[in-house]
Amino acid sequence: MMRVLQGLSSLVACALSVTLAFAAMEPDEILSDPAKEKRARGITKELRCVVCQNQSVDDSDAPLAKDIRLIVRERIMAGETDDQVRAFVVARYGQYVLLRPPLGVDTALIWIGPFALLAIALGVATLYLRRARVAGDPANGKLSLEEEQRVEALLKDDGR
Amino acid sequence: MNRAVLFLPLAIFMGLVGYFAIGLTRNPSEIRSVLVDKPLPAIDLPVPDRTDIRLDNATFQGKVSLLNVFASWCIACRVEHPVLLRLASEKAIPIYGLAWKDKPEEMKAWIAELGDPYSLIGDDAKGRTAIDLGVTGAPETFVIDRKGKIRYKFVGPIDDYAWESTLKPLIKLLEAEP
């Protein structure tokens, strides 16, 4: 019973945090130009909030995240490209704030790692299965001399 | 099959245990600042109750100093404050304050209540200078060298241990630089 209750309460907590996350953007932050607003949201959705590190700037209620949302919009209004806006934030907080880090020497492991592991696993599985099939098929289905003699002996006994 | 291969899963498992054990000892809120070893960004902040002087880049020239990001709303700053007061009374190093997203009256009341360790306080009410400094929370303290370059960022309240083990030796090194 306790387990069920615990499960329920964590479900409710999840649901609540999702609703709260959608409420992070405040109406006064939204740009009047829908195309520019869309760009701004695209950028802030992929910026990490440095206060609550596993939320995006778009989702976070932290005051610092709000400041960064406003800065992103100011820079877009000033005519900067998305890359320029991102570069502005990265120059201050580092590549760490990019939730989708660019492929580089130091981030190669994140990008390639899972595929490399999958390839290794498939390779090991293939080897293992091939070996198992060979083992289940001894001497290509032929019996040894000894075995044939035993079979004959058994068959004779049966015919008696 | 080579018997050694049988120990491979165990070896991989132990490797992962080691990796995560190291990971658990690290503080995820400590993000190494990308601004370390770079000159201070442009700073030009008003100093409360002063019209003759501003907290700007010239303030930091020619001496090793600390720039301490604080706010009256910041609980950990209250913990750190006595340490800063002691450093100021010992004239250990000039400490400059950056009042981050604070109301000037509240900040002044806070200083009046607890004491003033700062040589100068810059009022960053909008928090834009703090973002230029890559501040992620308060308190944070930057160690600035003679040339106005950021040499270290300390995240969280400075306590006696942090001062003696980290900051004091670093400052001594920086003061020995030409």
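Residues numbered from 1 in each chain as written. Chains lettered and ligands numbered in written order. Predicted model: local features only at pLDDT ≥ 70, side-chain atom pairs only at ≥ 80, totals over all residues.

Attention shifts here to the overall build of chain A. Helix and strand counts for chain A come out as 6 helices and 0 strands. Sequence-ordered secondary structure for chain A, helices as α and strands as β, is α-α-α-α-α-α. Looking at the 160 residues of chain A, the share that counts as buried comes to 16%. When contacts within chain A are restricted to residue pairs at least 6 apart in sequence, long-range pairs at least 24 apart make up 46% of them. (Helix = DSSP H or I, 4+ residues; strand = E, 2+ residues; numbered from the N terminus. Buried ≥ 20, exposed ≤ 12 C-beta atoms within 10 Å, placed from the backbone. Contact = placed C-beta atoms within 7 Å.)

Residue and element names in this part refer to chain A. Across chain A, pLDDT averages 82, with 78% of residues at or above 70. Per-element mean pLDDT across chain A ranges from 50 in helix H1 (residues 2-22) up to 95 in helix H4 (residues 82-93). Note on residues 13-23: pLDDT under 50 across the span, and 2 contacts to partners over four residues away in sequence or across chains. (pLDDT = per-residue confidence, 0-100.)

Turning to the interface of chain B and chain A, a few remarks are in order. With 10 residues of chain B at the contact, the number on the chain A side is 10 residues. Residue composition of the side of chain B that touches chain A, by class: 4 nonpolar, 4 polar and 2 charged. (Nonpolar A, V, L, I, M, F, W, Y, C, P; charged D, E, K, R; others polar.)

Residues and elements named next belong to chain B. Spatial strand order, S5-S4-S3-S6-S7: 5 strands in an open sheet with mixed pairing. Of all strands in the sheet, those bounded by a partner on one side alone are strand S5 (120-124) and strand S7 (150-155). Averaged over all pairs of adjacent strands, the angle between their axes in this sheet comes to 20 degrees, without regard to strand direction. As paired strands, strand S3 (residues 65-70) and strand S4 (residues 95-100) are joined by 5 bridges and run parallel to one another. Note on S4: the bridge partner recorded for Leu 67 is Tyr 96. (Pairing = 2+ DSSP bridges. Axes fitted to C-alpha atoms, helices over the stretch in contact; angles between N-to-C directions.)

Before going further, it helps to examine the pairing of strand S6 (residues 140-144) of chain B. Residue and element names in this part refer to chain B. When you tally the buried positions in S6, you get 5 out of 5 residues, the bulk of the element. Side chains of S6 alternate between two faces, with Glu 140, Phe 142 and Ile 144 and Thr 141 and Val 143 buried alike. As judged from the 5 bridges shared by S3 and S6, these two strands associate in the antiparallel manner. Residue pairing across strands places Leu 67 opposite Phe 142, the latter belonging to S6. Here S6 runs beside S7; their pairing, made up of 5 bridges, is antiparallel. In the sheet register, Thr 141 faces S7, and the bridge partner there is Phe 154.

Ranked by size, the top nonpolar core spans 35 residues in total, and within it Val 69, Phe 70, Ala 99, Trp 100, Ala 130, Phe 142 and Ile 144 of chain B carry the most contacts. Breaking this core down by element, the ones donating at least two residues are S3, helix H3 (75-89), S4, helix H4 (104-114), helix H5 (128-132) and S6 of chain B. The element contributing the most residues to this core is S4 of chain B, with 5 residues. Apart from residues no more than four positions distant in its own chain, Ile 144 of chain B is found in contact with Leu 40, Phe 60, Val 64, Ser 65, Leu 67, Lys 149, Ile 150 and Arg 151 of chain B. Within the second largest apolar cluster, 15 residues are counted, among which are Leu 64, Ala 65, Ile 68 and Tyr 93 of chain A. (Core = buried A, V, L, I, M, F, W, Y, C linked by C-beta atoms within 7 Å.)

All names here are of chain A. Taking 1.5 Å per residue as the helical rise, helix H3 (residues 63-77) with its 15 residues ought to reach 21 Å, and the 21 Å between its terminal C-alpha atoms agrees with that figure. Residues Leu 64, Ala 65, Ile 68, Arg 69, Val 72, Arg 73, Arg 75 and Ile 76 constitute the buried set of H3. In this structure, the buried side of H3 is in contact with helix H2 (34-44) and H4. Residue Gly 79 follows H3 closely and has a positive phi angle near 95 degrees. (Expected span 1.5 Å × (residues − 1).)

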